Amino acid sequence: MERRNFLRNIGAGGLALSLSSFISSQETPGTFHIEGQIIPNRLKAGDTIGIVSPSSAIFESEPYEIAIETFEAMGLKVKLGKFVNNRYGHLAGTDEERAGELNEMFKDPEIHAIIALRGGSGAARILDKVDYQTIAKNPKIFVGYSDITALHMAIYTKTGLITFHAPLAVSTWNNFSYPLFRKIIFEGEMALFENPVDKGPNLTVTKNRIRTISPGVATGELLGGNLSVLTGIMGSQYFPQQWENKILYLEDVGEQIYAVDRMMSQLQLGGVLNKISGFVFGKCTDCKPGSGYGSLTLEEVIDYYIKPLGIPAYSGAMIGHIDDNSTIPNGLKVQLNADKGTLQMLSPAVK
């Protein structure tokens with residue numbers, strides 16, 4: 001998988017919980033779970049955002065500087081994680097360091113939101129070391145995408161906290177990604193996700209087009225992220241078990257099409273696809289056919305698994321390893337319109 005190389009190229013308060021709300025409350029991190037949904041507090045000017053590095057390392061100094069300046073430009077204070085500059089092989093520190101850094105950020109009362117510095121690989125290695133009980137008792141905005149999908153799924157499964165599949169600290173924060181992030185995270189608006197319409201000099205839209213796979217309207221909780229990371233944790237206790245009334249969204253980068261086919265087959269054989277109420281595919285950046293006698297197209301692969309389901313579905317959403325990346329609230333109920341290629345939030349993702 002080339003996600004690590006791709007990301008290297010793009011950049012060197014609380015909710016009171018009663019005991020009765022717990023399904024189980026064991027001391028061992030990774031076994032804690034509660035009933036229901038937790039909505040974090042919104043961000044406001046002057047709040048502090050913590051930057052953590054739960055996956056791969058960054059070795060140059062400039063990306064850190066750009067990340068800090070970016071969030072200061074949003075009116076936020078920035079606190080770097082204790083081990084954010086560490087290195088263990090390609091990882092940003094040992095598993096214990098990376099998990100401990102994340103746990104400390106959730107414990108720290110001065111931190112109002114947490115964002116991953118970058119993705120890459122390695123987040124799944126720390127899932128059994130994350131303190132989900134602390135997260136449930138100190139719910140905060142948690143942001144990231146790509147390899148961070150593993151943490152989104154684990155936090156959702158173990159706590160019910162709404163998290164955000166959104167640009168990383170070193171991502172491009174431009175006039176598409178930042179206004180949407182601000183609308184959802186700062187202002188608490190119920191955003192409509194739709195692709196920008198830019199015909200340029202052409203008579204019709206030729207860029208970022210939506211393709212309706214199966215028409216119709218569906219409602220359900222958004223759940224998903226990076227396809228390869230999502231399927232990588234299938235079979236574990238950190239992979240969601242209940243896919244009924246869910247809208248699955250997927251994206252990926254640097255995967256050959258046969259690998260996308262294999263992972264979609266895994267979702268089908270694992271019983272995920274036949275339960276969901278809707279489907280959205282974002283961008284599969286640099287996903288090309290492999291060598292050999294031929295290949296299915298990406299469109300053929302997606303249609304093979306999704307069309308027979310008869311559920312509203314579309315592809316081409318602004319979700320993925322792209323500059324114009326959306327802020328997607330994991331676990332939040334939305335309405336999908338496959339004919340228009342839109343997702344409408346049905347409630348705020350922050351309070």
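You'll find the protein chain entered in an unreviewed UniProt entry as LD-carboxypeptidase, with Antarcticibacterium arcticum given as the organism.

**Structural notes on the state of the cysteines**
All chains considered together, the criterion is met by one disulfide. Across a sulfur-sulfur distance of 2.1 Å, cysteine 284 and cysteine 287 are joined as a disulfide pair. Note on the cysteine 284 and cysteine 287 pair: the S-S dihedral is about -70 degrees, so by sign convention the disulfide is left-handed. Take cysteine 284 and cysteine 287: they sit in the same class, and that class is buried.

**Notes on helix α2 (residues 62–73)**
Taking 1.5 Å as the rise per residue, α2 with 12 residues should run 16 Å; its terminal C-alpha atoms sit 16 Å apart, in good agreement. Those residues of α2 not exposed but buried are Pro63, Tyr64, Ala67, Thr70 and Phe71. For α2, the arc enclosing every buried residue in end-on projection is 125 degrees, short of the 170-degree limit, so these residues lie on one face. Every exposed residue of α2 that faces more than 90 degrees away from the buried side is listed here: Glu62, Glu69 and Ala73.

**So, the UniProt feature "domain: LD-carboxypeptidase C-terminal" (unreviewed entry) in the protein chain**
Residues given the UniProt feature "domain: LD-carboxypeptidase C-terminal" (unreviewed entry) here are residues 219–336. In the segment residues 219–336, helix accounts for 24% and strand for 29%; the C-alpha atoms at its two ends are 6 Å apart.

**Some details on the pairing of strand β6 (residues 141–144)**
Burial along β6 is two-sided: the residues Ile141 and Val143 and Phe142 and Gly144 are all buried. Pairing geometry for strand β5 (residues 113–116) and β6, over three bridges, is parallel. Following the sheet pairing, isoleucine 114 is matched in β6 by phenylalanine 142. As for the winding sense of the linkage, the β-α-β connection from β5 through helix α4 (residues 132–137) to β6 is right-handed. Traced from β6 through helix α5 (residues 149–159) to strand β7 (residues 163–165), the parallel crossover comes out right-handed.

**Observations regarding the sheet that holds β6**
The strand order across the open sheet formed by six strands is β4-β3-β5-β6-β7-β14, and the pairing between neighbours is mixed. Edge positions in the sheet fall to β4 (77–80) and β14 (328–330), since each has one partner strand and no second. The sheet shows a mean angle of 25 degrees between the axes of neighbouring strands, taken without regard to direction. Pairing of strand β3 (residues 48–52) with β4, which is carried by four bridges, proceeds in the parallel orientation. Across the sheet, the residue bridging to isoleucine 49 is valine 78, located in β4.

Reading the values: rules and limits
- Residues numbered from 1 in each chain as written.
- Predicted model: local features only at pLDDT ≥ 70, side-chain atom pairs only at ≥ 80, totals over all residues.
- Heavy atoms only, no water.
- Disulfide = S-S within 2.5 Å.
- Buried < 20%, exposed > 50% of the residue type's maximum accessible area, 1.4 Å probe, protein only.
- Helix = DSSP H or I, 4+ residues; strand = E, 2+ residues; numbered from the N terminus.
- Expected span 1.5 Å × (residues − 1).
- Arc of directions from axis to C-beta.
- UniProt positions renumbered as here; feature names shortened; annotations may be inferred.
- Pairing = 2+ DSSP bridges.
- Right-handed = clockwise from strand over helix to strand, strands pointing away.
- Axes fitted to C-alpha atoms, helices over the stretch in contact; angles between N-to-C directions.

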